[in-house]
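# Residue-level structure breakdown
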Amino acid sequence: NGKTVDIAITVRGSDWYWTVCAVMTTCTFVFLGLGITKPRQHRIFHYITAAITMVAAIAYFSMASNLGWTPIDVEFLRNDPVVRGINREIFYVRYIDWFITTPLLLMDLLLTAAMPWPTLLFVVLVDEVMIVTGLVGALVRSSYKWGYFAFGCAALFYVVWVLVWEARRHANALGSDVGKAFTICGSLTTFLWILYPLAWGLCEGGNVISPDSEAIFYGILDLFAKPVFGALLIWGHRGIDPARLGL
Ligand code: RET
């Protein structure tokens, strides 16, 4: 009959979330600003990429304001006379962000490689399975969370496989400029996306690092996966007419 401990972000975590929010907001306007200097038919990658940072900006606004979370007892196996459980702040708003933005990131990549739409559809659906299993795993209060995690990792494995094999070959066949743009952005994505389940295991899954450290880990990943990725993608498309990609 011990007490429960609540763990949550401090003012330092909140300040860092505000910082990331500011970067995402700025990048949204920069990507849109670059887009409107182009003819309408040439704006698709600007629009997709700006939408990604726009959604992230709002998610980070929520987390910086300490909203969009729910307390979850993460030490469910614990049998301690003093501490009955540890309620960790789980930011479900992250998953709402990812549910919208990871399909957009995949569209950026798969449209660059001019993949046929059935492939795009299936990869996006598998990606959504990955995000939803991660959310459910983060919210359940038993070791079943690792079962959901395993489903999510299998889904990520498929997405990475399509990017590294099928889409890369498709992009290279479209010319060296398309191949280069895809290789740079695809490699960055593959490297970063594999780190997300690691962060999840240390935060929502295993409660190994504090919510402030979680803010830094996911924050740095998101800065590279969205603004840095977006800048490289838009830069990679300079000189590529979307009509060549069937867009
Ligand atoms: C979860 C947990 C379940 C297993 C796996 C995950 C992977 C998440 C990924 C998220 C990517 C997010 C991005 C956000 C935008 O910047 C859901 C953490 C595999 C890959 C790129």
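Further up the page is the structure itself.
A brief structural summary. (Residues numbered from 1 in each chain as written. Predicted model: local features only at pLDDT ≥ 70, side-chain atom pairs only at ≥ 80, totals over all residues. Heavy atoms only, no water.)

### Quick look at unusual backbone geometry
- Backbone geometry at Ala 114 places phi at a positive 50 degrees, although glycine is not the residue there.
- For Ala 114, the position within the fold is in the loop between α3 (93-112) and α4 (117-139).
- For Ala 114, a relative accessible area of 21% gives the class partly exposed.
- With phi around 55 degrees, Asn 207 is a residue other than glycine that occupies positive phi space.
- Relative to the assigned elements, Asn 207 resides in the loop between α6 (176-205) and α7 (211-236). (Helix = DSSP H or I, 4+ residues; strand = E, 2+ residues; numbered from the N terminus. Buried < 20%, exposed > 50% of the residue type's maximum accessible area, 1.4 Å probe, protein only.)

### A word on the site of the ligand
- What surrounds the ligand is a group of 16 residues, the closest being Trp 98, Trp 193, Tyr 196, Asp 222 and Lys 226.
- Taking Asp 222, its side chain carries an N or O atom lying 3.4 Å from an oxygen atom of the ligand.
- Within the contact set of the ligand, an oxygen atom lies 3.0 Å away from a side-chain nitrogen or oxygen of Lys 226.
- Its free accessible area being 530 Å², the ligand has 100% of it covered by the protein chains.
- Of the pockets mapped on this structure, the ligand occupies the largest cavity.
- Secondary structure elements with two or more residues in the shell around the ligand: α3, α4, α5 (145-173), α6 and α7. (Near = heavy atom within 4 Å. Polar contact = N/O pair within 3.5 Å; in protein donor to acceptor, adjacent residues only side chain to side chain. Areas by Shrake-Rupley, 256 points an atom, 1.4 Å probe, with all protein chains shown as cover. 1 Å grid on protein atoms, 1.4 Å probe; cavity = no way out; pocket = protein on both sides within 12 Å on 5 of 7 lines; lining within 4 Å. Sits in = over half its atoms within 2 Å of the grid points.)

### Considering the packing of α4 against α6
- Contact pair α4 / α6: the axes reach a minimum separation of 11 Å and the direction vectors enclose 10 degrees. Between α4 and α6, the interaxial angle falls into the category roughly parallel. Counting all contacts with α4, which are made through Asp 127, Met 130, Gly 134, Gly 137 and Ala 138, the residues of α6 involved are Trp 193, Trp 200 and Glu 204.
- A class-by-class count of the residues in the contact of α4 with α6 yields 4 nonpolar, 2 polar and 2 charged. (Axes fitted to C-alpha atoms, helices over the stretch in contact; angles between N-to-C directions. Parallel < 35°, antiparallel > 145°, perpendicular 65-115°, else oblique. Contact = heavy atoms within 4.5 Å. Nonpolar A, V, L, I, M, F, W, Y, C, P; charged D, E, K, R; others polar.)

### Things to note about empty space enclosed by the protein
- Using the criterion set out here, one finds 1 cavity of 30 Å³ or more in the structure.
- In this structure, the largest cavity spans a volume of roughly 320 Å³.
- In this structure, the largest cavity is lined by 22 residues; those nearest its centre are Trp 98, Met 130, Ile 131, Tyr 196 and Pro 197.
- The set of elements that each furnish at least two residues to the lining of the largest cavity consists of α3, α4, α5, α6 and α7.
- Along the lines of polarity and charge, the residues of the lining of the largest cavity split into 15 nonpolar, 5 polar and 2 charged. (Points joined across faces, edges and corners; volume = space filled by probe spheres on them.)

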